[in-house]
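# Fold and contact review
Residues per chain, in single letters:
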Amino acid sequence: MERWRGRVALVTGASVGIGAAVAKELVRHGMKVVGCARNVDKVQEVAAECNKAGYTGVLVPIKCDLSKEEEILSMFAAIKAEHKGVDVCINNAGLAHPDQLLNGKTSGWKTMLDVNVIGLSICTREAYQSMKERNVDDGHIIHINSMSGHRITPMADVHFYSATKYAVTALTEGLRQELREAKSHIRATCISPGDVATEFIPRIYSHDPEKAAASYTRFTPLEKLEHPVCSTTVGLSVISSRSFAGSWCPAVTRRVALVTGASVGICSVVV
């Protein structure tokens, strides 16, 4: 991480959960982190935690609704004006509505597509352009995907959400191919956590607190991810230990896995 000290990272959805944890860890390692969210007050709270801890980097909160292209473009313009541009883009923001395929609301489907797919793609495009115009050829674009982007779970409430994450899987591979064709050394990484205990699940089941509580208690606590920092491995797919050995992944149970970069961070959870 020493080579990233003083450089600029954008973390979307930095107000809570994995996004907040990643932002804090990058600040701890000396990066200048632009943390965006619709609720900028919570990002400011995370920034205050970083200051109190005496971290060497800085967290710059910025308000942005990723379902609105004009706000994303305005955010990148502000980053260019104040920090020259981004060197790392971590597309963490994502949401899920319990809108099933047979009776879901079109508005819920559209919102998930706007944030999880379109917003992510706009941020990727603008981050790449920011790097290209400054001749930054060692940048890193990271998609925080999900295990729901690799298998369909028997939970009707997340089937459409899973479709958006399958799109992220395809977008990551497409990005890798386009970067290779452009002869760029910018890295494209897809990190797919399993079941992590954040605010994400309670939000999905806000209409059913009992189901939310039951789901939340069997998930891996966020603090067990230790230091979820940027991996420099291209095309990395990370699975949390609990989901990896669970009934949703029977095909990989008792099989042999190679995990690169397993000494620290998210990868250490796998082993």
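By the naming in an unreviewed UniProt entry, the chain is Dehydrogenase/reductase SDR family member 11, taken from Stegastes partitus. For the chain, the Sequence similarities (unreviewed entry) comment in UniProt is given as "Belongs to the short-chain dehydrogenases/reductases (SDR) family." According to the UniProt record, the Pathway (unreviewed entry) comment for the chain reads "Steroid biosynthesis; estrogen biosynthesis."

## Some points on the pairing of strand 1 (residues 8–12)
Across the five residues that make up strand 1, a large majority, five, are buried. Residues Val8, Leu10 and Thr12 of strand 1 are buried on one face, and the alternating residues Ala9 and Val11, pointing to the opposite face, are buried as well. Examined bridge by bridge, strand 1 and strand 2 (residues 32–37) share five bridges and lie parallel to one another. Bridge pairing in strand 2 places Leu10 opposite Val34. In terms of handedness, the path from strand 1 via helix 1 (residues 17–28) over to strand 2 forms a crossover that is right-handed. Pairing analysis gives three bridges linking strand 1 to strand 4 (residues 88–91), with the strands arranged parallel. Within strand 4, the position partnered with Ala9 by the bridge is Val88.

## Here we look at the environment of Gln100
Of note, Gln100 is situated in the loop between strand 4 and helix 4 (106–133). A relative accessible area of 25% means that Gln100 is categorised as partly exposed. When residues no more than four places from it in sequence are discounted, the contact partners of Gln100 are Trp109, Ala156 and Asp157. Only 3.0 Å separates the side chain of Gln100 from the side chain of Asp157, close enough to count as a polar contact.

## A look at the pattern of salt bridges
The final tally for this structure, using the stated rule, is eleven salt bridges. Here Arg176 and Glu173 are joined by a salt bridge, their closest N and O atoms 2.7 Å apart. Of this pair, Arg176 and Glu173 are both found in helix 5 (residues 159–181), three residues apart, which corresponds to roughly one turn of the helix. By sharing partners, the salt bridges in this structure join Arg3, Arg7, Asp87, Arg134 and Asp138 into a single network.

## Let's talk about the packing of helix 1 against helix 2 (residues 40–53)
As a packed pair, helix 1 and helix 2 sit with axes 10 Å apart at the nearest point and diverge in direction by 35°. The two elements helix 1 and helix 2 cross, and the hand of that crossing is right-handed. Of the residues in helix 2, those touching helix 1 at Ala20, Lys24 and Val27 are Val46, Glu49 and Cys50. Residue composition of the contact of helix 1 with helix 2, grouped by class: four nonpolar, no polar and two charged.

## Observations regarding the packing of aromatic side chains
With the rule as written, the count across this model stands at one aromatic pair. Between Trp109 and Phe160 the ring centres are 5.4 Å apart and the planes differ by 10°, which places this aromatic pair in the stacked class. Of the two residues, Trp109 is situated in helix 4 and Phe160 in helix 5; the sequence distance between them amounts to 51 residues. Since its relative accessible area comes to 15%, Phe160 is described here as buried.

Conventions we followed
Residues numbered from 1 in each chain as written. Predicted model: local features only at pLDDT ≥ 70, side-chain atom pairs only at ≥ 80, totals over all residues. Heavy atoms only, no water. UniProt positions renumbered as here; feature names shortened; annotations may be inferred. Buried < 20%, exposed > 50% of the residue type's maximum accessible area, 1.4 Å probe, protein only. Helix = DSSP H or I, 4+ residues; strand = E, 2+ residues; numbered from the N terminus. Pairing = 2+ DSSP bridges. Right-handed = clockwise from strand over helix to strand, strands pointing away. Contact = heavy atoms within 4.5 Å. Polar contact = N/O pair within 3.5 Å; in protein donor to acceptor, adjacent residues only side chain to side chain. Salt bridge = Lys/Arg side-chain N within 4 Å of Asp/Glu carboxyl O. Axes fitted to C-alpha atoms, helices over the stretch in contact; angles between N-to-C directions. Left-handed = near helix turned anticlockwise from the far one by under 90°. Nonpolar A, V, L, I, M, F, W, Y, C, P; charged D, E, K, R; others polar. Phe/Tyr/Trp six-rings, centres within 6.5 Å; stacked < 30°, edge-to-face > 60°.

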